[in-house]
Amino acid sequence: MRKKLVAGNWKMHGSLVQNNELLDAVIAGTAGMRKGNCAVCVPYPYLSSVQSILQSTHITWGAQNVSQFSKGAYTGEVSAAMLNDFSCHYAIVGHSERRSLFGEDSHTVALKYTAVQNAGLMPILCVGESLQQRDTGVTQQVVTEQLDAVIGQAGVESLRKAVIAYEPVWAIGTGETATPQQAQEVHAFIRENIAKHDIAVAAGITILYGGSVKANNAAELFAMPDIDGGLIGGASLIAEDFVTICRAGQD
Ligand code: PEP
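These notes cover the structure that comes with them.

Cut-off values and rules
Each chain carries its own residue numbering, running from 1 in the direction its sequence is written. Only residues with pLDDT of at least 70 are given local features in this predicted model, and only at 80 or more are side-chain atom pairs given and counted; all residues enter the totals for whole chains, interfaces and linings. As a rule here, side-chain values cover all heavy atoms of the structure and leave hydrogens and water aside. Working definition: helices are DSSP H or I runs of at least four residues, strands are E runs of at least two. Numbering for both runs from the N terminus. Here the globule rule reads 2.2 Å times residues to the power 0.38, and the radius of gyration is calculated from C-alpha atoms. Remark: exposure states derive from per-residue accessible area (1.4 Å probe, protein chains only) relative to the maximum for the residue type, with buried under 20%, exposed over 50%, and partly exposed in between. Contacts: residue pairs with any heavy atoms within 4.5 Å of one another. Methods summary: accessible areas were calculated by the Shrake-Rupley approach with a probe of 1.4 Å, and residue burial reflects only the protein chains presented. We count Lys and Arg on the positive side and Asp and Glu on the negative side, and we leave His and both chain ends out. Charge positions come from single atoms, namely NZ of Lys, CZ of Arg, CG of Asp or CD of Glu. Think of it this way: DSSP has to see at least two bridges between two strands before they count as a pair. For the handedness criterion, the strands are oriented away from the viewer, and a crossover whose path from the first strand over the helix to the second runs clockwise is classed as right-handed. Whether two aromatic rings pair depends on their centres lying within 6.5 Å, for rings of Phe, Tyr and Trp, where Trp uses its six-membered ring; planes under 30 degrees apart make the pair stacked, over 60 edge-to-face, and the rest tilted. Sitting over a ring, as applied to charges here, requires NZ of Lys or CZ of Arg to be within 6 Å of the ring centre and within 35 degrees of the ring normal. For helices, the fitted line uses only the C-alpha atoms of the stretch in contact; every axis is such a line through C-alpha atoms, and the angle between N-to-C directions lies from 0 to 180 degrees. Note that the term roughly parallel is reserved for angles under 35 degrees, roughly antiparallel for angles over 145, roughly perpendicular for angles of 65 to 115, and oblique for everything else. Handedness of a helix crossing follows the sense of rotation of the near helix relative to the far helix, less than a right angle counterclockwise being left-handed and clockwise being right-handed. Side-chain classes are defined by residue name, with Ala, Val, Leu, Ile, Met, Phe, Trp, Tyr, Cys and Pro counting as nonpolar, Asp, Glu, Lys and Arg as charged, and the others, Gly among them, as polar. Near is defined per residue: the residue qualifies when any heavy atom it owns lies within 4 Å of the molecule or strand. Identification of polar contacts relies on pairs of N or O atoms within 3.5 Å, with a donor-acceptor requirement for protein atoms, meaning one able to donate a hydrogen and the other able to accept it, and with residues adjacent in sequence counted only if both atoms are side-chain atoms.

1. Considerations on the overall build of the protein
Next, step 1: Along the backbone of the protein there are eleven helices and eight strands.
Next, step 2: Rg of the C-alpha trace for the protein: 17 Å, near the compact-globule value of 18 Å for 251 residues, within the 12% margin.
Next, step 3: Out of the 251 residues belonging to the protein, those deemed buried represent 54%.
Next, step 4: Partitioning the intrachain contacts of the protein with sequence separation of at least 6 by distance along the chain shows that 72% fall at a separation of at least 24.
Next, step 5: By element, 54% of the accessible surface of the protein is carried by carbon and sulfur atoms, the whole surface being about 10,800 Å².
Next, step 6: Mean positive and mean negative side-chain charge positions of the protein (17 and 23 charges, respectively) differ by 6 Å.

2. A look at the pairing of strand β1 (residues 5-9)
Next, step 1: The element β1 is largely enclosed, with a buried count of five among its five residues.
Next, step 2: Pairing of β1 with strand β8 (residues 229-232), which is carried by four bridges, proceeds in the parallel orientation. Its bridge partner being in β8, A7 is matched across the sheet by L231.
Next, step 3: Inspection of the sheet shows β1 paired to strand β2 (residues 38-41) by four bridges, in the parallel sense. From the neighbouring strand, G8 faces β2, where its bridge partner is V40.
Next, step 4: Crossover β1 to β2 through helix α1 (residues 16-29) is right-handed.

3. Some thoughts on the packing of aromatic side chains
Next, step 1: Under the defined criterion, the tally for this structure stands at two aromatic pairs.
Next, step 2: Relative to Y209, the ring of Y166 has its centre 6.3 Å away and its plane inclined at 55 degrees; by these criteria the two rings are tilted. With Y166 in strand β6 (residues 163-166) and Y209 in strand β7 (residues 206-210), the pair connects residues that are 43 residues apart, well separated along the chain. Exposure class is identical for Y166 and Y209. Each is buried.
Next, step 3: Sitting over the face of the ring of F102, R98 holds its NZ or CZ atom 4.0 Å from the ring centroid.

4. A short note on the packing of α1 against helix α2 (residues 47-54)
Next, step 1: The geometry of α1 relative to α2 is characterised by a closest axis approach of 11 Å and an angle of 25 degrees between their N-to-C directions. Comparing their axes, α2 and α1 come out roughly parallel. Seen along the crossing, α1 lies across α2 with a hand that is right-handed. Judged by residue contacts, L16, N20, L23 and I27 of α1 engage S49, V50, I53 and L54 from α2.
Next, step 2: Partitioned by chemical class, the residues of the contact of α1 with α2 number six nonpolar, two polar and no charged.

5. Quick look at the site of the ligand
Next, step 1: Taken together, 14 residues form the shell around the ligand, and within it K11, E167, G173, S212 and G233 come nearest.
Next, step 2: Note that an oxygen atom of the ligand is positioned 2.9 Å from one of the side-chain N or O atoms of H95.
Next, step 3: One nitrogen or oxygen atom from the side chain of E167 is found 2.7 Å from an oxygen atom belonging to the ligand.
Next, step 4: In the complex, 98% of the free accessible area of the ligand, which totals 290 Å², lies under the protein chains.
Next, step 5: Grouping the constituent residues of the shell around the ligand by class yields four nonpolar, eight polar and two charged.

Printed below as a string of C-alpha cells:
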C-alpha cells in the first residue's frame, strides 16, 4: 500500500512563539496518528526549534528549498547536508513559487532533487501547470517536462525515495481548488507516465495534491484513487484546519 502523507508548507510565515503554539495544537490534535503521515516544511531558521519540538512525536519535518551545491561560495544558500544536521526528513524542490519567482528551471530542480537524495533526505518534487498552460491544453506536456528532467538526471529508480506533489499553479494560494476529478486526471497521468519507465515504481510512489486544500475539501480530494495526500500551504498555518486535513489523509 502507498504511504499517505499530508505535509504543511509554511512558506515565509511564523515566529518562534507562533510556531510553538501551532505545533502544540497540531501535536495534540493528531495524537494517535501513525508516525510519518503528517509533516511540516518550515523556514530554515526554525529547523532547530522545530526539531526539538517534534523529535519525540509522530510528526516529521523538512525544509522548503535546498541548494543544488554541496558547499562553497554560495552566499545565502543552504546545503542538503546542513538540512541533515537538523534531521530533516523532507525538502521541497521545484515549488512553483521557486520556479516562477526565483527562476528555477527544471534542470536546476533536478540537481536539487539529487542533492536532497544524496544527503539521505526525501525530496518532495512539485510539478504543475499555470492557468494559461491549462487553458491552452498543455498541462500534460508541462508536467511531463518537469518529471522527465528528474528522471533523466536521477533515473526512475530514484522515485522510490521521493514524493511528488502535483500543484496546479492556478490553485496555489488562490482559494480555487482543482476538482477531485481534475486532480485525479493529472495524478493518473503522472503515474502512467512513470509506469512507462517502471510499473512498480509508479504503483508505489506517493503523489500529493496541492492547491487550496482546506478542511472542507481535503477528504473528497484524498478519496481519489491516485491522490495519496496533500501539500498544504495556507491551511497548514491554522492548527484546527491542518489537523482536520491530516486526519483526512491518514492511512
Ligand atoms: C503550497 O504552497 O504548496 C500550496 C499548495 O499553498 P495553498 O494550500 O495555500 O494553495
